[in-house]
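# Tertiary structure, described
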Amino acid sequence: MSFSTTVSALDTICQSLFGEISITIHPSAAGYSDLAIPNAISRDPTLEDDYNPLSPQGVSNLILFFNPATLPTPLSPTQLLPAHGDTATASNGVKYSLSRVKPDNEGGYVLYLRRTSPGAI
Amino acid sequence: MLQPSVVTAAVVSAWQSIPALIAQMNGNPANISAHDYSWGSENSLSKAIGQMPAPSILLAYLKIQGGDYDGESVWKHHLQVAIKSGNAADPNSSTPFMSTFDVWWLMMNGGVFGTPQSIRTYALLGGNLAPMIDLPSLIAHQDDMGDFCVGTLIWPEYGDVGAY
């Protein structure tokens with residue numbers, strides 16, 4: 001594999017290697033369908049939680065990185081990129097609301113999610 | 001002097017008796033709770049506030065102030081409350097969620113225990129907590145995850161109650 005091929009595959013490799021969070025985004029905009037993100041990368045929240053994001057207890061604050069270009073299935077015309085106000089369900093069943101979306105210059109997104117289903121406080 | 005956890009429990013149960021406020025808490029009264037500084041069984045307060053789900057309300061004791069205020073009150077219970085409101089953009093919520101400041105308005109003005117009296121005028125704990133004299137305040141806060149508000153409330157204790 002040439003160097004340029006390796007470099008161009010870096011995004012996809014990193015996301016498949018470190019992306020362990022599966023989450024489904026439910027758009028708040030009417031008429032759009034859910035977006036499944038199977039390999040988002042979790043960042044340590046600023047406010048440390050008690051558990052791992054994938055534990056049965058889940059976490060209250062979830063900060064995720066993903067790049068739409070590396071999704072296994074490209075976005076369809078009935079799907080939107082995540083926007084603040086959307087809700088989401090993680091693979092462990094914990095429900096969240098999306099409070100902030102931070103795009104980067106390379107096409108990636110950081111999503112800030114706060115838990116909505118009851119959790120230990 | 002009333003036990004602090006008795007005071008916080010009385011305030012929480014008063015808020016839990018406001019139907020419109022429970023609707024704002026996604027229908028779950030347990031989303032209104034008290035932090036009692038129980039080392040071991042509770043997180044630190046700052047961590048507990050950080051982990052509050054949205055919507056939820058977390059009440060905590062701030063301080064007790066002694067003094068002879070009006071000849072009838074010798075203790076003032078200072079409490080603080082953190083408020084995180086629900087997602088107003090959620091199309092599937094059964095009740096449209098209000099802003100954090102409007103949730104505070106509901107907490108301060110909603111009728112408690114089926115009466116038209118608000119928590120500011122209702123004499124809690126059978127009259128052992130007098131209606132509020134010092135009016136409550138609310139201030140906005142921000143962290144990485146979004147906005148929330150913290151309010152301060154002061155209840156004078158009527159007399160010197162001791163065990164309740």
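Residues numbered from 1 in each chain as written. Chains lettered and ligands numbered in written order. Predicted model: local features only at pLDDT ≥ 70, side-chain atom pairs only at ≥ 80, totals over all residues. Heavy atoms only, no water.

A few words now on the confidence of the model for chain B. Scored by pLDDT, chain B comes out at a mean of 92, with 99% of its residues at no less than 70. With a pTM of 0.90, the predicted complex shows an ipTM of 0.85. (pLDDT = per-residue confidence, 0-100.)

Okay, the sheet that holds strand E4 (residues 87-90) of chain A next. Backbone hydrogen bonds hold the strands of a sheet together, and the pairing may be parallel or antiparallel. Residues and elements named next belong to chain A. On the basis of which strands lie adjacent, the closed barrel formed by six strands has the order E1-E2-E3-E6-E5-E4 and antiparallel pairing. On average, each strand axis in the sheet is tilted by 45° relative to the strand beside it, whichever way the strands run. Here three bridges tie strand E2 (residues 35-43) to strand E3 (residues 61-66), and the two strands are oriented antiparallel to one another. Residue pairing in the sheet places Arg43 in a bridge with Ile63 of E3. The strands touched by helix H2 (residues 10-18) within the sheet are E2 and E3, with E2 carrying the most contacts at an inclination of about 80°. (Pairing = 2+ DSSP bridges. Helix = DSSP H or I, 4+ residues; strand = E, 2+ residues; numbered from the N terminus. Axes fitted to C-alpha atoms, helices over the stretch in contact; angles between N-to-C directions. Contact = heavy atoms within 4.5 Å.)

Attention now goes to the layout of surface pockets. Approximately 440 Å³ is the volume found for the largest pocket. Around the largest pocket sit 17 residues that line it, and Leu98 and Ser99 of chain A together with Ser85, Gly86 and Asn87 of chain B are the ones nearest its centre. Where the lining of the largest pocket is concerned, the elements lending two or more residues are strand E5 (95-103) of chain A together with strand E5 (146-157) of chain B. Broken down by element, the residue count for the lining of the largest pocket peaks at three residues, all from E5 of chain A. Residue composition of the lining of the largest pocket, grouped by class: five nonpolar, nine polar and three charged. Size it by volume and the second largest pocket reaches roughly 280 Å³. Lining the second largest pocket are 18 residues; nearest its centre among them are Thr87, Lys95 and Thr116 of chain A together with Asn26 and Asp90 of chain B. Those elements giving two or more residues to the lining of the second largest pocket turn out to be E4 and E5 of chain A. Residue composition of the lining of the second largest pocket, grouped by class: five nonpolar, eleven polar and two charged. (1 Å grid on protein atoms, 1.4 Å probe; cavity = no way out; pocket = protein on both sides within 12 Å on 5 of 7 lines; lining within 4 Å. Points joined across faces, edges and corners; volume = space filled by probe spheres on them. Nonpolar A, V, L, I, M, F, W, Y, C, P; charged D, E, K, R; others polar.)

With that settled, the discussion passes to the packing of aromatic side chains. In total, this model carries two aromatic pairs over all chains according to the counting rule given. Aromatic pair Phe113 of chain B and Tyr122 of chain B: ring centres 5.3 Å apart, planes at 50°, arrangement tilted. You can call Phe113 of chain B partly exposed: its relative accessible area is 38%. Arg100 of chain A extends its terminal NZ or CZ atom over the ring of Tyr112 of chain A, reaching a point 3.9 Å from the ring centre. The ring of Phe148 of chain B carries the charged tip of Lys84 of chain B above its face, separated from the ring centre by 5.2 Å. (Phe/Tyr/Trp six-rings, centres within 6.5 Å; stacked < 30°, edge-to-face > 60°. Buried < 20%, exposed > 50% of the residue type's maximum accessible area, 1.4 Å probe, protein only. Lys NZ or Arg CZ within 6 Å of the ring centre and 35° of its normal.)

The subject of this paragraph is the pattern of salt bridges. Side-chain pairs of opposite charge can arise where the charged atoms are in close proximity. One pass over the structure, following the stated rule, counts five salt bridges over all chains. Among the salt bridges present, the one from Asp50 of chain A reaches Lys47 of chain B, with a minimum N-O distance of 3.0 Å. Of this pair, Asp50 of chain A sits in the loop between E2 and E3 while Lys47 of chain B sits in helix H3 (residues 45-50), each in a different chain. In this structure, the salt-bridge partner of Arg114 of chain A is Asp143 of chain B, at a minimum N-O distance of 3.6 Å. Taken as a pair, Arg114 of chain A in strand E6 (residues 109-115) and Asp143 of chain B in strand E4 (residues 137-143) lie in two separate chains rather than in one. By relative accessible area, which is 6% here, Arg114 of chain A ends up buried. Judged by its relative accessible area of 23%, Asp143 of chain B falls in the partly exposed class. (Salt bridge = Lys/Arg side-chain N within 4 Å of Asp/Glu carboxyl O.)

All names here are of chain B. If you walk across this open sheet you meet the five strands as E1-E2-E3-E5-E4, and the pairing is mixed. The sheet is open, and its two edges are formed by strand E1 (32-35) and E4, each paired on a single side. Each strand axis lies, on average, 25° off the axis of its neighbour in the sheet, ignoring direction. Note: strand E2 (residues 56-66) against strand E3 (residues 75-84), ten bridges, orientation antiparallel.

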